[in-house]
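Report on the structure
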Amino acid sequence: MSEESVARLRRAVLRLGRDLRRTSAEEGLSPAQSGALATLAREGPMRAGELAATEGLNPTMVSRVLAHLEEGGLVGRAPDAADRRGTLVRATPAGRRLVRRLRARHAGLLLERLAGLREDQIDAILAALPALEGLSDIAPPAGAAAPAARA
């Protein structure tokens, strides 16, 4: 792939990501808060350390993210039945409703954008989905810098 093609892909992904993140910001959530809440809603209860690893956040950042979400009534903490020394964090019903609303808004934004494309462009996007999914599933190399803090 040429350097120009890589730059074009990066610009397209960043623009879409920015527009999708804007919907979370309109709900008062940072990208880190939105991502953590979505993970808890999708994956179920987990320890803060597990959430930090899943979201690529450091433990201090995860503590701040969870404090904000807890203050908003979007997550709650409970003792871990398997290990009473630990605590599990889970999305509350209000948190799950917010995630559903955000997902619907994200889908609506993408559908609106797709409606502006020609049928052959939509077909090309559909054909590229498996490769894009594979690209997003590749882990960064060991020792690579962690994603920028997204508080």
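Data block above holds the structure.
Residues numbered from 1 in each chain as written. Predicted model: local features only at pLDDT ≥ 70, side-chain atom pairs only at ≥ 80, totals over all residues. Heavy atoms only, no water.

**Focus: the layout of surface pockets**
Which entries qualify depends on this criterion: In the cavity and pocket records, a cavity denotes points on a 1 Å grid over the protein atoms alone where a 1.4 Å probe fits but cannot get out, a pocket denotes an open set with protein on both sides within 12 Å along at least 5 of 7 lines, and lining residues are residues with an atom within 4 Å of a point. Grid points are joined across faces, edges and corners, and a volume is the space filled by probe spheres set on the points. Here the term charged refers only to Asp, Glu, Lys and Arg, the term nonpolar to Ala, Val, Leu, Ile, Met, Phe, Trp, Tyr, Cys and Pro, and the term polar to all other amino acids, Gly among them. Think of it this way: any DSSP run of H or I at least four residues long counts as a helix, any run of E at least two long counts as a strand, and we number them from the N terminus.
As a volume, the largest pocket reaches approximately 1600 Å³. Lining the largest pocket are 34 residues, with L9, A12, V13, L16 and L132 positioned closest to its centre. The residue makeup of the lining of the largest pocket, split by class, is 23 nonpolar, 4 polar and 7 charged. The space that makes up the second largest pocket amounts to roughly 420 Å³. Along the walls of the second largest pocket sit 18 residues, with P31, S34, G35, A38 and H106 positioned nearest its centre. Element by element, the count of residues in the lining of the second largest pocket is highest for helix α2 (residues 31–43), at 7 residues. Counted by class, the lining of the second largest pocket contains 6 nonpolar, 7 polar and 5 charged residues.

**Thoughts on the packing of helix α1 (residues 3–26) against helix α5 (residues 93–115)**
A pair of packed helices can be characterised by two numbers: the angle between their axes and the separation between those axes. The test is simple: Interaxial angles span 0 to 180 degrees and are taken between N-to-C directions of axes, which are lines fitted to C-alpha atoms, for helices over the stretch in contact. For a crossing to be left-handed, the near helix must be turned anticlockwise from the far one by less than a right angle; the clockwise case is right-handed. Note on definitions: a residue-residue contact is assigned when non-hydrogen atoms from the two residues lie within 4.5 Å.
Interaxial distance between α1 and α5 falls to 10 Å at its minimum, and their mutual angle equals 145°. In terms of crossing hand, the pair formed by α1 and α5 is right-handed. Here α1 contributes L16, D19, L20, T23, S24 and E26 to the contact with α5, which in turn contributes L102, R105, H106, L109, L110 and R113. Taken together, the residues of the contact of α1 with α5 sort by class into 5 nonpolar, 3 polar and 4 charged.

Everything listed here is a matter of geometry and, on its own, says nothing about what the molecule does.
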